Amino acid sequence: MHQGLPLYTLETRNQNLLKNPPFRQNLMPAKIIRWKIAISGIVQGVGFRPFIYCKAAKHKIAGFVANTAKGVIIEAEGSLKNLESFQTAIQTNSPPLAELNEIITKTIEPQGDTAFSIALSFASTEACTLIPPDITLCKDCLEELFNPEDRRYLYPFINCTNCGPRYTIINNIPYDRPSTAMGDFIMCDDCRQEYDDPKNRRFHAQPNACPACGPQLALCSPDCEEIANRTDAIRQTQQFLKHGKVIAIKGLGGFHLAVDARNDSAVKLLRQRKRREEKPLAIMAKDIETARSICELHPMDEALLISPQSPIVLARKKLDKILSDCIAPGNDLVGVMLPYTPLHHLLFENNLDCLVMTSGNISEEPICIDNDEAFHRLKEIADYFLIHDRDIYLRNDDSVVIHLHDRTRIIRRSRGYVPVPVFIKNAGPTVLGVGTHLKNTVCLLRGKHALMSQHLGDLENLPAYDFFTRTINHMQTIFDCTPEMIIHDLHPDYLSSRWATEQGCRLLAVQHHHAHLAACLAENLHDGPAIGIIMDGTGYSADGTIWGGEVLIGDFKGYKRYAHFEEMPLPGGDIAIKEPWRTAVAYLHQAHDTLPDLPFLAGHDIAAICQMLEKDVNCPKTSSCGRLFDAVATICGGKPIIRYEAQAAIEFMQAGNGIAEKSFDFEFTAHDGILHLPVRSIIRSVTEAVRSGRTMSEISRRFHKTLIDLFTAITIRAAKDSGIKTVALSGGVFQNQILFCGLIPELEKSGFTVLTHSLVPTNDGCISLGQAVIGREYLKSAEG
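As the structure is a prediction and not an experimental result, all values here were calculated from the model.

Procedures and definitions
Counting restarts for each chain, with residues numbered from 1 along the sequence as it is written. Residues qualify for local features only when their pLDDT is at least 70, as the model is predicted, and side-chain atom pairs are given and counted only at 80 or more; totals for whole chains, interfaces and linings, by contrast, use all residues. With hydrogens and water stripped out, all remaining heavy atoms of the structure feed into the side-chain values. Each residue gets one of three labels from its accessible area relative to the maximum for its type: buried under 20%, exposed over 50%, partly exposed in between, using a 1.4 Å probe on protein chains only. Only DSSP runs of H or I reaching four residues or more are called helices, and only runs of E reaching two or more are called strands; each is numbered from the N terminus. Pairing between strands is defined by DSSP: at least two bridges between them are needed. For crossovers, right-handed means that the path from the first strand over the helix to the second runs clockwise, given strands pointing away from the viewer. Note on definitions: a residue-residue contact is assigned when non-hydrogen atoms from the two residues lie within 4.5 Å. Axis geometry follows a simple rule: fit a line to the C-alpha atoms, using only the stretch in contact for helices, then measure angles between N-to-C directions, giving values from 0 to 180 degrees. Only buried Ala, Val, Leu, Ile, Met, Phe, Trp, Tyr and Cys residues count toward a nonpolar core, and they belong to the same one when joined by side-chain atoms within 4.5 Å. Take the residue count of a helix, subtract one, and multiply by 1.5 Å to get its expected span. Polar contact is the term for a pair of N or O atoms within 3.5 Å; when the atoms are in protein, one must be able to donate a hydrogen and the other to accept it, and sequence-neighboring residues count only if both atoms are side-chain atoms. Only one rule defines a salt bridge in this text: a Lys or Arg side-chain nitrogen within 4 Å of an Asp or Glu carboxyl oxygen. Crossing handedness is read from the near helix: turned anticlockwise from the far helix by less than a right angle, it gives a left-handed crossing, and turned clockwise, a right-handed one. Under the grouping applied here, Gly and all other residues not named as nonpolar or charged are polar, the nonpolar ones being Ala, Val, Leu, Ile, Met, Phe, Trp, Tyr, Cys and Pro and the charged ones Asp, Glu, Lys and Arg. Think of a patch as exposed residues, more than 30% relative accessible area, with no salt bridge, where like charges cluster within 9 Å and nonpolar side chains (Val, Leu, Ile, Met, Phe, Trp, Tyr) cluster within 5 Å. A 1.4 Å probe and the Shrake-Rupley method give the accessible areas. Residues count as covered only by the protein chains that appear here. The convention is simple: Lys and Arg are positive, Asp and Glu are negative, and His and the chain ends are not counted. Just so you know, the charge point we use is NZ for Lys, CZ for Arg, CG for Asp and CD for Glu.

A. Region of interest: the pairing of strand β23 (residues 485-489). Where burial is concerned, most of β23 is hidden: five out of the five residues are buried. As paired elements, strand β20 (residues 431-433) and β23 share three bridges and run parallel to each other. Pairing of L432 across the sheet is with I486, part of β23. Where β23 lies against strand β24 (residues 506-510), five bridges are found, and the strand directions are parallel. Counted as the bridge partner of I486 is L507 from β24. Note that the unit made of β23, helix α13 (residues 495-501) and β24 has a crossover that is right-handed.

So this is what it looks like as structure tokens:
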């Protein structure tokens, strides 16, 4: 038996060869060496074995390549010179979708092989294969799609080893066709020939299909009656879109709701039916030229739009009115993406060039993935349904990114990026972080791989909770691992925390902002300690208050709360988040002896709020930076009631569009050994600016300058006290472009190394990663 190769022997090798004939090598009588090369990473479903097959032919190598549950194994036999050039070619010229994590080479006994072949997958008791993400349509398939001479002409499910669905259609490992949603589609002879030919780019492309044997489209009415199928379904859908209809379209990771982005009444109708009053809607442009006509694109924006991940890119809208004003009302940015499936490309024929493509759900619910589910949940929204018969095993929203401070920043990590792991510095026990309440993700930490789920959304209802539990089960299946510990948020009433306590597994509760700090350290391969500037909206703490404006000093093992914003009352608790006028009244009440007369106060029951504050009834205390933004924005005339998360703060930021030269005055105060960052003095300064006639734009610029100077000053002080010169920025407030891009240069000028998020979101989407690395460190310390 070959060294370290389970369930595979020399006697069975020839029986295990695939139908393709091995090529023959005429090996020279020079000294022959045999290497066993084990490669882990994203090496299955991306054309890696045929790539190895062709490179072996080029470099005169005999042996074989095969998939295993751990990745790919190669046994290569030839001269030392040829083996070295073969391995160099693997490392420097791998397929575009492959990601090589680790290559381990071992010399073994030569077998006298004179051929190189592709063998069947090996079984194993331990799996650590990485599954490729869903990837946009490649150029080769796009050319075939619109080539009348090609047998896949206008076929909406064309794909190859370089593109198409992966993560959303797999339900087990190894990644072979029977373990995918394509298992029930029997390939025709032509597709089978491509599938078995290692020189064909569809060799072992698991979703491989054609019009004769693959999935099919159907256009249906809300009562499930089929109206048209195949190419007729696309033509009819185009006509319906042109006439202002709302179409539910089944895609890669779920349903979209689509309307013509130039049709104002259609966009308004979609908003009304979807119950999405003002939150911006994503759009899909026909091509990069159309995208350029809609928004101002940085070269990096364009690179992202045409990348294999094809995310939604946030970019500044152009001033001329090309699209409906209802797409992103009151917002300078618009989320734009390009077609990433063959179906999308087909929809843009026949004079359509820009569509709203928003998640196929009612607000706050997960996107629909099943046809029956879509008919049930979207029947009051969609006029027609464009469906197909290929199953989606796992929901996967579109990813959202923005280019800030010379790097791509992920706001929502899903399609195209998941399940590519975040690589961390150290290995250890397998653990599971289950995230928090908002923008939930989960993270399996296995070896040096942080396997983070796609964006799961807010865990506020049963469908969202079911999505959460199904994702955890699915991930444990396809990555074949069981965690030794589950780590959850300190808040006991979060659904993620409740789920964790019901699993009968070892548990650890982690404070929300400590998880933010740890996530930033982990993705930057920094063990710490570091000064953490952690700014967000809400984080539960053991002291009974709501944290959210924190300066921590710590690492994976623990933290010290060095400073925070003054704690202020939040009248009505969570309702004040949706009605920031309440927060503004509370902050004014605390900052002034007498409530000042400001325009925004008209029309609200101020007396009731003041009575709650004076009696301290249902007024939890918070140090939240997010609530400070809400209060200041509302005092300046911003949104008193918001229609989506952080709307008041976003519009306040965009009103400023820059930083003033001078900040408001501030000073720190110390209580019980912890520094308090000023709130009352800032509120008094903002009030005075409003009363003296300063515009919201002027006050916004000065407020942002104040926070930049404040955070820089407190970091310098923390460094003086601790000797630490590394600072980590995390929390949803750092999605604020003015604050983020203004603070980093100031910190760097002061001599700090600044760690920020780019691989995972700075918002609560990173929490599960932070929980997992903290939990692993806890286990390692306990075992030590």
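B. A look at the environment of L347. Positionally, L347 belongs in helix α10 (residues 342-347). For L347 and L241, which are 106 residues apart along the polypeptide, the C-alpha to C-alpha distance reads 9.6 Å. Non-local contacts of L347, meaning those with residues more than four positions away in its chain, are made with I234, T237, Q238, I249, L352, M357 and L386.

C. Inspection of the sheet that holds β23 at higher detail. If you trace the six strands from one edge of the open sheet to the other, you get β19-β22-β21-β20-β23-β24, paired in mixed fashion. Single-partner strands in this sheet number two, and they are β19 (422-423) and β24. Across the sheet, helix α14 (residues 512-523) touches β19, β23 and β24, and the angle it forms with β24 is around 100°. Along the sheet face, helix α23 (residues 767-783) touches β20, β21 (443-446), β22 (449-452), β23 and β24 and points at about 130° away from the line of β23.

D. Up close: the nonpolar core. Counting residues in hydrophobic clusters, the biggest one holds 95 residues, and the most contacted among them are F48 and I74. Take this core: its biggest share by element is seven residues, from helix α12 (residues 462-478). The residues contacting I74, other than those within four sequence positions of it, are W35, K36, I37, I39, I52, F64, V65, F86, I90 and F116.

E. The side chain of T762, seen in detail. Position of T762 among the secondary structure elements: in the loop between β33 (753-755) and α23. Residue T762 is classed as buried on the basis of its relative accessible area of 11%.

F. Quick look at unusual backbone geometry. Along the chain, V418 connects to P419 via a cis peptide bond; the corresponding omega equals 15°. Structurally, the position occupied by P419 is in the loop between β18 (407-412) and β19. Omega for the bond connecting G528 with P529 falls within 30 degrees of zero, at 5°, which places this linkage in the cis form. Counting through the fold element by element, P529 comes out in the loop between α14 and β25 (530-540). For C224, which is not a glycine, the phi torsion comes out positive at approximately 75°. With respect to the helices and strands, the residue C224 is situated in the loop between β7 (217-220) and β8 (226-229).

G. Region of interest: the pairing of strand β26 (residues 546-554). With nine of nine residues buried, β26 lies mostly within the body of the structure. Relative to β26, β25 runs antiparallel, the two being bridged by eight bridges. Paired with I533 across the two strands is V551, which belongs to β26. Hairpin geometry of β25 and β26 is characterised by an intervening segment of five residues between the two adjacent antiparallel strands and by a positive phi of about 90° at G544. Relative to strand β27 (residues 559-565), β26 runs antiparallel, the two sharing five bridges.

H. Main features of α12. Its 17 residues give α12 an end-to-end C-alpha distance of 24 Å, which sits within 8% of 24 Å, the value for a rise of 1.5 Å per residue. For α12, the complete set of buried residues consists of A464, Y465, F467, F468, T469, T471, I472, H474, M475 and I478. The opening residue of α12, the one whose side-chain oxygen lies 2.9 Å from the backbone nitrogen of A464, is N461. Looking one or two places after α12, you find D480, whose phi comes out positive at around 50°.

I. Focus on the pattern of salt bridges. With the rule as written, the count across this model stands at 33 salt bridges. Of the charged contacts, one joins D527 and K425 as a salt bridge, the two residues approaching to 3.4 Å between their closest N and O atoms. Here D527, found in the loop between α14 and β25, pairs with K425, found in the loop between β19 and β20; they are 102 residues apart in sequence, far enough to count as distant. Using a relative accessible area of 43% as the deciding quantity, one classes K425 as partly exposed.

J. Here's a closer look at α14. The end-to-end C-alpha separation of α14 is 17 Å, in line with the 16 Å expected for 12 residues at 1.5 Å each. Burial of α14 is extensive: 12 of the 12 residues sit out of reach of the surface. Listed in full, the buried residues belonging to α14 are H512, H513, H514, A515, H516, L517, A518, A519, C520, L521, A522 and E523. Backbone geometry just after α14 places L525 at a positive phi near 55°.

K. Representation of the packing of helix α21 (residues 696-722) against helix α22 (residues 737-749). Following both chains from N to C, one finds α21 and α22 inclined at 35°, their axes separated by 9 Å at the closest point. For α21 against α22, the interelement crossing comes out right-handed. Residue-level inspection shows H704, L707, I708, F711, T712 and T715 of α21 in contact with α22, the latter providing I738, L739, G742, L743, E746 and L747. Per-class residue counts for the contact of α21 with α22 are seven nonpolar, four polar and one charged.

L. Representation of the environment of L755 within the structure. By secondary structure assignment, the location of L755 is in strand β33. Here L755 falls in the buried class, since its relative accessible area comes to 8%. In sequence terms L755 and A591 are 164 residues apart; their C-alpha atoms lie 34 Å from each other. Dropping the residues within four chain positions of it, L755 is found in contact with C520, L521, N524, H526, T726, V727, A728 and L729.

M. Representation of a negative patch on the surface. A cluster of like negative charges, contributed by D184, D370, D372, D389 and D391, occupies part of the molecular surface. If you trace the backbone, D370 turns up in the loop between β15 (354-359) and α11 (371-377). D370 sits in the partly exposed class, given a relative accessible area of 35%.

N. Here's a closer look at the side chain of N440. Along the chain, N440 turns up in the loop between β20 and β21. You can call N440 buried: its relative accessible area is 0%. Not counting chain neighbours up to four residues away, the residues in contact with N440 comprise V434, G435, Q454, H455, L456, G457, L459, F468 and S496.

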